[in-house]
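# Remarks on the overall topology
In case you want the letters, here they are:
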Amino acid sequence: MKQVLRNLKLSNGSGADIAIENGLVVEIGKISGSDGLDCAGLVAFPGFVDLHTHLREPGFEGSETVLTGSQSGVAGGYTALLAMANTDPVADNAGTVEQVLDLGRKANYLQVQPIGAVTKGLEGKELAALGSMNRSRANVTVFSDDGHCVYDPLVMRRALEYVKGFGGVIAQHCQDPRLTEGSQMNEGALSSELGLVGWSSVAEESIIARDALLAEKVGGRLHICHLTTAGAVDVVRWAKKRGIKITAEVTPHHLLLTEDLVRSYDPVYKVNPPLRTSEDTEALRQGLLDGTIDVLATDHAPHSIEKKDCEWDNAAFGMVGLETAASVLYKVLIEVGGSDLSHFERVISSTPAKIAGLDNQGHISVGSEANLALFDPSSSRTISSHTHSKSTNNPFSGVTLPGSVVHTLYKGEFKIRDQKLQVLDV
Amino acid sequence: MKHLTSINDLSKDQAIQILESADSMGAVNAREIKKLPTLRGKTIVNLFYENSTRTRISFELAAKRLSADVINFAAATSSVSKGESLKDTAQTLEALGADAIVIRHPMSGSAHQLATRGWVEASIINAGDGSHEHPTQALLDACTIRQSFKLEDSADLSGMKVLIVGDILHSRVARSNLLLLKKLGAEVEIAAPATLMPEGLDRLGAKLSNNFEESLERKPNVVMMLRVQRERMNGSYFPSSREYAQSWSLSGKRLAMVQKDSIIMHPGPMNRGFEISSAAADDPRSRILDQVRNGLSVRMAVLHMCLSTGEL
């Protein structure tokens, strides 16, 4: 059955109707008739793509499952999530990545694309089964030990070399483990005052510089996870100028929140890498505006209440973020930064889709899958800690943010309609 | 004032009030019958996640002198994975009727969390949290400086030059002292090897130095030595304990540089022969035992301030 979405605005500024049939976009433009859904005031983006989501299944179903994470994703406008490998068992083999792929298909809210571990058990010692994960049904092309840095330079070099054979990319969690032993927050005057062990920016920047040079040497593709410091933006800018194949992501929380929140000792603000200073935030925004930073990625990291309702040092690192990411990006990139909707679309959808090699995501075009996020930029909302995620470790709780996702369609089906989650017959 | 988790909780006036109250408590401690009925019927729990005999007995005696019931609870360091959480322990103690919880915890911010997260209603008094703060230690140090230089009738400690020396990085005593001494108008200089000096303390008003002798040449009125744990050597903070003692111990030539009318302080327990020589610890200028005595009076004053319904 053909379905028409009318009076949309596209990211290039033009108005259009979009017709969908059998899950595909079949027409874009002025479509005759008046049937269908009036979407006046909404911007049609290709469904958002998150390069960095922790779905926690298998192993940590108390915090999130592929189903609840998918539901939270569509509520935030996402139609593809790249599921990080730090599950239990670790996604370092074909069997586990296929399991995650199948859980995503069964949930059927959006595309769950597994990320494979770089090293066995995330231990940083031996390469995981990179090739067999790539050849599996999950067709893994993004590999990451996220949560851990691939610290051994030889292992990192081999990984960058090895995945070249099938167009893979290594997404590095840049954190020198020796320089960050026991670290709890950004290192600086505030960590000194609060008596918390500091996580210095050099621990991030030195690994980015090393890996950029390794990528240059072997001609591999490097993606930098969650960049957080002004110096890191400089290093990536330098690497891009040299022609190194490097891309970088920033999270919504590092764009908007600063270390001052740690004064409360409320572990909802405990995240790795940590919240930094306002100078860092400003540099990240600038890096996003000038294209040094390619994508927004949530690092959605759900944790059960007891992992956060405790002493700061004992609390887990991480924040949820799928349902607030687009609003934070809208605020930072467009409201404050003065950029435009097409830049927004590149950062949250088309570029991450390209990095992950998801051809069916990241664009709205006739003949391709109808994966859409319909966004109302004129609204504003106060964020609640409760979202569709199973966890409530939401640092934006109580904050007012612009914009909201009104409808999300995945393969032509409404998964969110009028901001309501559509319950599916599975 | 209900809680004391940080020196930042106190206004300058409140800090002075505590010091004045401590003076009167000191008078009680000099009497034959050393007891006041002020907190009769109140229950105070000393919740100690770290061994600290001296701070614990000081708080215990302070509570007893004010006629409160005291429970000592020595807890193993809790974490989400092992044992009971801090929240559950605190709520359990409150269910037993605790009006105040005096907490010593190895993790920074734990006292602040108990006071602010809505887990319990009791008064929270910080007896040292991680490398964050130890506010009653700073108050007893200020009390000792005030007495030693007969500043009881002065508005504050302005004119005093205080030099704090040692492992600043891991020291809650240094942080609380810096905050309180600045609040009371004193000049504060901090001297430590750069590896044990956290960045940014100048923003809190301290003058910073990496050279003990140069700092002593500026003739401080107070030389406050901090304990340095020998285990720190494993973290590459200094090459050897012998080398540390050579450069940073208050001994010999450096002891001779301390002015005649200046005083020497140490929060204890001391590593004699390491950060402080026996000659310095037992010198007539040493106020180390006065600090212990004043600790009792200051803790009585703090418990009184947090637990009695009326203001002082």
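Shown above is the structure to which this text applies.
What this report covers is the structure whose coordinates are included nearby. (Residues numbered from 1 in each chain as written. Chains lettered and ligands numbered in written order. Predicted model: local features only at pLDDT ≥ 70, side-chain atom pairs only at ≥ 80, totals over all residues.)

So, on to the overall build of chain A. Of the regular secondary structure elements, chain A holds 11 helices and 19 strands. In terms of overall dimensions, chain A is globule-like: its C-alpha atoms have a radius of gyration of 20 Å, near the 22 Å expected for 426 residues. Principal-axis analysis of the C-alpha atoms places the extent of chain A at approximately 65 × 45 × 45 Å. Within chain A, the proportion of its 426 residues that are buried is 60%. (Helix = DSSP H or I, 4+ residues; strand = E, 2+ residues; numbered from the N terminus. Rg over C-alpha atoms; globule rule 2.2 N^0.38 Å. Buried ≥ 20, exposed ≤ 12 C-beta atoms within 10 Å, placed from the backbone.)

This brings us to helix H6 (residues 202-218) of chain A. All names here are of chain A. For H6, with 17 residues, the first-to-last C-alpha span of 24 Å sits near the 24 Å given by 1.5 Å per residue. Here H6 has its buried residues at Ala-203, Glu-204, Glu-205, Ile-207, Ile-208, Asp-211, Ala-212, Leu-214 and Ala-215. Taken together, the buried residues of H6 touch helix H4 (153-162), strand S10 (169-172), strand S12 (198-199), strand S13 (222-224), helix H7 (230-241) and strand S14 (246-250). (Expected span 1.5 Å × (residues − 1). Contact = placed C-beta atoms within 7 Å.)

Here the focus is the sheet that holds strand S3 (residues 100-105) of chain B. Residues and elements named next belong to chain B. One open sheet holds the 4 strands; their spatial order is S2-S1-S3-S4, and the pairing between them is parallel. Here the strands that pair on one side only, and so sit at the sheet edges, are strand S2 (69-74) and strand S4 (123-129). Averaged over all adjacent pairs, the angle separating strand axes in this sheet is 15°, with direction ignored. Bridging between strand S1 (residues 43-48) and S2 involves 6 bridges; their strand directions are parallel. By the bridge assignment for S2, Asn-46 is matched with Asn-72. (Pairing = 2+ DSSP bridges. Axes fitted to C-alpha atoms, helices over the stretch in contact; angles between N-to-C directions.)

For the rest of this paragraph, the subject is the environment of Gln-422 of chain A. Residues and elements named next belong to chain A. Locating Gln-422 in the fold gives a position in the segment after strand S19 (420-421). Sequence spacing of Gln-422 and Ala-75 is 347 residues, and the spatial spacing of their C-alpha atoms is 9.9 Å. What Gln-422 contacts, discounting residues up to four positions off in sequence, is Phe-414, Lys-415, Ile-416 and Arg-417.

All names here are of chain B. Viewed as axis vectors pointing N to C, helix H5 (residues 135-148) and helix H6 (residues 172-183) meet at an angle of 55°, and their least axial separation amounts to 8 Å. Classified by the angle between their axes, H5 and H6 sit oblique to one another. For H5 against H6, the interelement crossing comes out right-handed. Judged by residue contacts, Pro-135, Gln-137, Ala-138, Leu-139, Asp-141 and Ala-142 of H5 engage Val-173, Ser-176, Asn-177, Leu-180 and Leu-181 from H6. Looking at the contact of H5 with H6, its residues break down into 7 nonpolar, 3 polar and 1 charged. (Parallel < 35°, antiparallel > 145°, perpendicular 65-115°, else oblique. Left-handed = near helix turned anticlockwise from the far one by under 90°. Nonpolar A, V, L, I, M, F, W, Y, C, P; charged D, E, K, R; others polar.)

All right, on to the sheet that holds S10 of chain A then. All names here are of chain A. Spatially, S9-S10-S13-S14-S15 is the arrangement adopted by the 5 strands of the open sheet, whose pairing is parallel. Strands at the two margins of the open sheet, each flanked by one partner only, are strand S9 (142-143) and strand S15 (295-296). Two elements, S13 and S14, share 3 bridges in a ladder whose sense is parallel. Of the residues in S14, the one forming a bridge with Ile-224 is Ala-248.

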